[in-house]
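Secondary and tertiary structure notes
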Amino acid sequence: MDFLDVVRRRKTTNGAFLPDRVSEEHQRLLMEVAGRAPSQLNSQPWRFVIVEERETIDTIARISGESMTEAMSNGTFFERYKPYFRFSKREMEERRDGMLFDRLPAPLRPFTGQVFTSRGQKLMNTLRIPQTLGEENRKLVAGSPLLLGVMLDRSEYRPGELSSFYSVFSMGAAMENVWLTTVELGMGIQFISFPMEVPGRWAEIERLLEVPPELELMAVYRLGYVPAEQRRPPIDWTSTERKRPSQYVFRGTCATPQQGWDDPAVPAASG
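What counts, and where the lines are drawn
Residues numbered from 1 in each chain as written. Predicted model: local features only at pLDDT ≥ 70, side-chain atom pairs only at ≥ 80, totals over all residues. Heavy atoms only, no water. Helix = DSSP H or I, 4+ residues; strand = E, 2+ residues; numbered from the N terminus. Buried < 20%, exposed > 50% of the residue type's maximum accessible area, 1.4 Å probe, protein only. Contact = heavy atoms within 4.5 Å. Areas by Shrake-Rupley, 256 points an atom, 1.4 Å probe, with all protein chains shown as cover. Phe/Tyr/Trp six-rings, centres within 6.5 Å; stacked < 30°, edge-to-face > 60°. Axes fitted to C-alpha atoms, helices over the stretch in contact; angles between N-to-C directions. Parallel < 35°, antiparallel > 145°, perpendicular 65-115°, else oblique. Left-handed = near helix turned anticlockwise from the far one by under 90°. Nonpolar A, V, L, I, M, F, W, Y, C, P; charged D, E, K, R; others polar. Core = buried A, V, L, I, M, F, W, Y, C linked by side-chain atoms within 4.5 Å. Patch = residues over 30% accessible without salt bridge, like charges linked within 9 Å, V, L, I, M, F, W, Y side chains within 5 Å. Salt bridge = Lys/Arg side-chain N within 4 Å of Asp/Glu carboxyl O.

1. What to know about the overall build of the protein
If you tally the helices and strands in the protein, you get 11 helices and six strands. Looking at the protein residue by residue over its 271 residues, the buried ones come to 49%. Residue pairs at least 24 apart in sequence account for 77% of intrachain contacts in the protein once pairs closer than 6 positions are excluded. Accessible area of the protein: about 14000 Å², with a carbon and sulfur share of 54%.

Written out as structure tokens, the structure is:
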């Protein structure tokens, strides 16, 4: 696959993966491309842990689902991320950033217009919408054949110092290599973000993975193969609409009206 085609097809996988185990060959390849990322003075501050043990995946899935339920029940999720939600293609075209929720989970569709109001929050809680979405999140993570934990060496990652920026920047480059490679391999990837949203839940994952004191757990991703019909189709970059200069407005991390920082906190958002 052409490199630019890979970049254009890159996305977050918000749906389920195939149950197939990720082959050792592909696991090694993902670690190779991560290690080939640039880092300050070739410090290579990243460390990775690959999780295939079913019991561990199920436990992280439970923590993620419970975290999602809590963050949505108390309103902190919607309050924190409401500047990034787009509920129509027209809004997406006008703003050219954020996430388009054109496939909003069925339980949330009646609340599109009032999801950020106290009345809407109370009604969702009464109908146990956060619990429903939390259970969907748990199932997604539990159905993943592989999890990838990303850590930074604390000797390099020292918050408040310039080395901290360098190490986080390097980790981002390493993960971008991994992310792009999943496209080539017919795989998908999603950031498991909700345990970070609720105090104390991230620490549970750190203990579960037995992260040593000299390392800082920065992120956990779920990976797996995706059905062919769910893979992003090629983008027609030769059309007049795509070639207009106004389409290429860099705003935050958004390079096009349809692509932004797609932290997949809600399973059914477009990536």
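2. Remarks on the packing of aromatic side chains
Across all of its chains, the model carries seven aromatic pairs by this definition. Between Phe77 and Phe78, the aromatic rings sit 5.3 Å apart at their centres with planes inclined by 75°, giving edge-to-face as the arrangement. Owing to a relative accessible area of 2%, Phe77 belongs among the buried residues under this scheme. According to the relative accessible area criterion, Phe78 is buried, its value standing at 4%. Geometrically, the ring pair formed by Trp179 and Tyr221 is edge-to-face, given 5.8 Å between the ring centres and 85° between the ring planes.

3. Digging into the packing of helix α3 (residues 54–73) against helix α7 (residues 129–142)
Put simply, α3 and α7 touch, their axes get as near as 7 Å, and they point 155° apart. Viewed along their axes, α3 and α7 adopt a mutual orientation that is roughly antiparallel. Crossing of α3 over α7 shows right-handed handedness. The residues of α7 that touch α3, namely those facing Arg54, Ile57, Asp58, Ile60, Ala61, Arg62, Ser64, Gly65, Met68, Thr69, Met72 and Ser73, are Pro130, Gln131, Leu133, Gly134, Asn137, Arg138, Val141 and Ala142. When its residues are assigned to classes, the contact of α3 with α7 shows nine nonpolar, seven polar and four charged.

4. Let's talk about the nonpolar core
Met175, Val178, Met187, Ile189, Tyr221 and Leu223 are the most contacted members of the largest nonpolar core, which has 26 residues in total. In this structure Val178 touches Leu30, Val33, Ala34, Leu148 and Ile189, once residues within four positions along its chain are discounted.

5. Overview of a nonpolar patch on the surface
A contiguous nonpolar surface patch, about 290 Å² in accessible area, is contributed by Phe3, Leu4 and Val7. Position of Val7 among the secondary structure elements: in helix α1 (residues 3–9).

6. As for the side chain of Ser67
Turning to its location among the elements, Ser67 is positioned in helix α3. Owing to a relative accessible area of 0%, Ser67 belongs among the buried residues under this scheme. Setting aside its immediate chain neighbours within four residues, Ser67 contacts Phe194, Pro195, Val198 and Arg201.

7. Details of the environment of Gln121
Looking at the element boundaries, Gln121 is found in helix α6 (residues 118–126). Taking the C-alpha atoms as reference points, Gln121 and Phe78, separated by 43 residues in sequence, lie 9.2 Å from one another. Excluding residues that lie within four positions of it along the chain, Gln121 makes contacts with Met72, Ser73, Gly75 and Phe78.

8. What about the pattern of salt bridges?
Taken as a whole, this structure holds 18 salt bridges when the rule is applied. Where Arg28 meets Glu24, a salt bridge forms, and the shortest distance between an N and an O atom there is 3.8 Å. Here the residue Arg28 and the residue Glu24 both occupy positions in helix α2 (residues 24–35), the gap between them amounting to four residues, near one helical turn. Look at Arg28 and you get exposed, because its relative accessible area is 54%. Between Glu216 and Arg154 there is a salt bridge whose closest N-O contact spans 2.6 Å. In this pair, Glu216 sits in strand β6 (residues 215–225) while Arg154 sits in the loop between β4 (146–153) and α8 (162–184), placing the two residues 62 residues apart along the sequence. On the basis of relative accessibility, which here comes to 37%, the residue Arg154 falls in the partly exposed class.

9. A look at the side chain of Ser164
Tracing the backbone shows Ser164 in helix α8. Exposure remark for Ser164: the relative accessible area of 10% places this residue in the buried category. Ignoring any residue separated from it by four or fewer positions in sequence, one finds Ser164 in contact with Glu156, Tyr157, Arg158 and Pro159.

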